[in-house]
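# Analysis of the macromolecular model
So you can see what is in the structure, the chains are spelled out below.
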Amino acid sequence: MQRLSARALRTHLDHAATPPLLLDVREPWEYDIVHLPGSHLCPLARLPEHAETLNPQAEIVLICHHGIRSRQAGLWLEHQGFSRLINLEGGIDAWAREVDPTLPVYG
């Protein structure tokens, strides 16, 4: 699993020939506060049932609040055969603070 800072991920997204799937593994109440446009919500606890709908060859960016749950999700997905995974280090919090300060931060 690749790990990218918020700024590095912004650059990666700006230059990606095919946009990756942005998979947010936070809870719905967190997603309602702030999320990246185009991201898909899949709470970590529901990932096993949702994983069968994902393409194991697709590039997937994993997002959570600070990067811990998304790392757990990535490790689990790696064990399921997914290989093109990116963890947003520092999570949506880092994105809001370093890339888009118009986004709200919480807890």
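Quick caveat, the model's predicted, so the values are computed rather than measured.

### As for the side chain of E59
Checked against the element boundaries, E59 lands in the loop between α3 (47-51) and β4 (60-63). Despite its burial, E59 pairs with no opposite charge; the closest candidate is R84, at 4.3 Å N-O. In this structure the side chain of E59 is engaged in a polar contact, spanning 3.1 Å, whose partner is the side chain of H12.

### As for the sheet that holds β4
Spatial strand order, β1-β5-β4-β2-β3: 5 strands in an open sheet with parallel pairing. Two strands close off the open sheet at either side, each with one partner strand: β1 (2-4) and β3 (40-41). Note that strand β2 (residues 21-24) and β3 share 2 bridges and pair parallel. Its bridge partner being in β3, D24 is matched across the sheet by L41.

### A closer look at the side chain of N87
Locating N87 in the fold gives a position in strand β5 (residues 85-88). Separated by 3.5 Å, the side chain of N87 and the backbone nitrogen of R71 make a polar contact. If near-sequence neighbours (up to four positions away) are discounted, N87 is found in contact with M1, Q2, R3, L4, L62, G67, S70 and R71.

### Digging into the pattern of salt bridges
Any two side chains of opposite charge can pair, on the condition that their charged atoms come close. A complete count under the given rule lists 6 salt bridges for this structure. Of the charged contacts in the structure, one is a salt bridge between D24 and R26, with a shortest N-O distance of 2.7 Å. Given a relative accessible area of 0%, D24 falls into the buried group.

Conventions and cut-offs
- Residues numbered from 1 in each chain as written.
- Predicted model: local features only at pLDDT ≥ 70, side-chain atom pairs only at ≥ 80, totals over all residues.
- Heavy atoms only, no water.
- Helix = DSSP H or I, 4+ residues; strand = E, 2+ residues; numbered from the N terminus.
- Buried < 20%, exposed > 50% of the residue type's maximum accessible area, 1.4 Å probe, protein only.
- Lys, Arg positive; Asp, Glu negative; His and termini not counted.
- Salt bridge = Lys/Arg side-chain N within 4 Å of Asp/Glu carboxyl O.
- Polar contact = N/O pair within 3.5 Å; in protein donor to acceptor, adjacent residues only side chain to side chain.
- Pairing = 2+ DSSP bridges.
- Contact = heavy atoms within 4.5 Å.

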